[in-house]
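# Structure at a glance
These are the residues of each chain, in order.
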Amino acid sequence: MSDWTNIINAATTNDPLSGAINTPIQLSSTFNQKSFDEFGEYDYARSGNPTRDAGEKAIARLEYGHYGYLFSTGMAAISSVLFTLSAGDHIIVSKHVYGGTFRILEDVLPRWGIMHTFVDFSDVATIEAAIIPETKAIYIETPSNPVLNITDIRAVVALAKQYHVCTIADNTFLSPFLQKPLDLGVDIVVHSATKFLAGHSDILAGAVVVNDKNWPIKFILSKMPLVQR
Ligand SMILES: Cc1ncc(COP(=O)(O)O)c(C=O)c1O
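These figures come from a predicted structure and were not determined experimentally.

### A look at the packing of aromatic side chains
Ring pairs (aromatic) are described by centroid distance and by the angle formed between their planes. The tally for this structure, following the rule as stated, stands at five aromatic pairs. Ring plane angle 40° and centroid distance 5.7 Å describe the contact between F31 and Y42, whose orientation is recorded as tilted. Of this pair, F31 sits in the loop between α1 (3-11) and α2 (50-62) while Y42 sits in the loop between α1 and α2; the two residues are 11 residues apart in sequence, bridging distant segments of the chain.

If you want it as structure tokens, here you go:
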């Protein structure tokens, strides 16, 4: 299937109730249940609702991933991913990273014992030199905002696998149309969907896509059990 066909299929989900080819916007915060102890697919909109579900399936499909999650902003998505780290963990981050990501790493997470090292990602040997026993993840942003620095995703993934470290890639700037980090071996893709994914400067949104259904973000989103995409 071509990327164009994939985009068309991902973006048009027929509403099973009405047949509408545009996904209806579901505003209800809470959903009625069959009985006190018999729950349906949706119960509370923070955990999921049919509109968000359609968007999450779409981003998972566009990134060739299994599980998609949508957030109110890109920073909400990135923060939620970083919140899966624990006190004592260390993360290696490209020194050319979006300002909001820089600030949460520099000003917030150290207060909770989550440490980082900023490194020039144009040289894989420098990344390797920054790996310590506490390193749990390597965070790539390519091309980076604002200086459009390019990282060789395959090379960083190969290094991360060698050290059993997870990789996170911010794919905001190229979008899945031009770059699919999961196909290159990355574990977690994040987006500011506010930018090229939305495309019209009229919404704020964030996204995360993974292949591993056991990845702990489901607890942060109170999303249990996960829906297979
Ligand atoms: C590469 C990148 N990541 C993350 C963000 C944060 O996204 P948001 O503004 O949707 O919170 C931005 C915003 O400009 C960005 O350019």
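Alright, that's what it looks like, and here's the rest.
### Concerning the pairing of strand β3 (residues 115-119)
Both strand β2 (residues 90-94) and β3 contribute to a ladder of five bridges, which runs parallel. Counterpart to V93 in the pairing with β3 is F118. Handedness of the crossover joining β2 and β3 through helix α4 (residues 99-108) is recorded here as right-handed.

### Brief notes about α2
For α2, spanning 13 residues, the distance from its first C-alpha to its last is 18 Å, which sits close to the expected 18 Å at 1.5 Å a residue. Those residues of α2 lying buried are R52, D53, A54, E56, A58, I59, A60 and L62. Taken together, the buried residues of α2 touch α1, β1 (67-71), α7 (175-178), β6 (188-192) and β7 (206-210). Where α2 starts, the residue carrying a side-chain oxygen 3.1 Å from the main-chain nitrogen of T51 turns out to be N49. Positioned one or two residues after α2, Y64 has a phi angle of 55°, which is positive.

How each quantity is defined
- Residues numbered from 1 in each chain as written.
- Predicted model: local features only at pLDDT ≥ 70, side-chain atom pairs only at ≥ 80, totals over all residues.
- Heavy atoms only, no water.
- Phe/Tyr/Trp six-rings, centres within 6.5 Å; stacked < 30°, edge-to-face > 60°.
- Helix = DSSP H or I, 4+ residues; strand = E, 2+ residues; numbered from the N terminus.
- Pairing = 2+ DSSP bridges.
- Right-handed = clockwise from strand over helix to strand, strands pointing away.
- Expected span 1.5 Å × (residues − 1).
- Buried < 20%, exposed > 50% of the residue type's maximum accessible area, 1.4 Å probe, protein only.
- Contact = heavy atoms within 4.5 Å.
- Polar contact = N/O pair within 3.5 Å; in protein donor to acceptor, adjacent residues only side chain to side chain.

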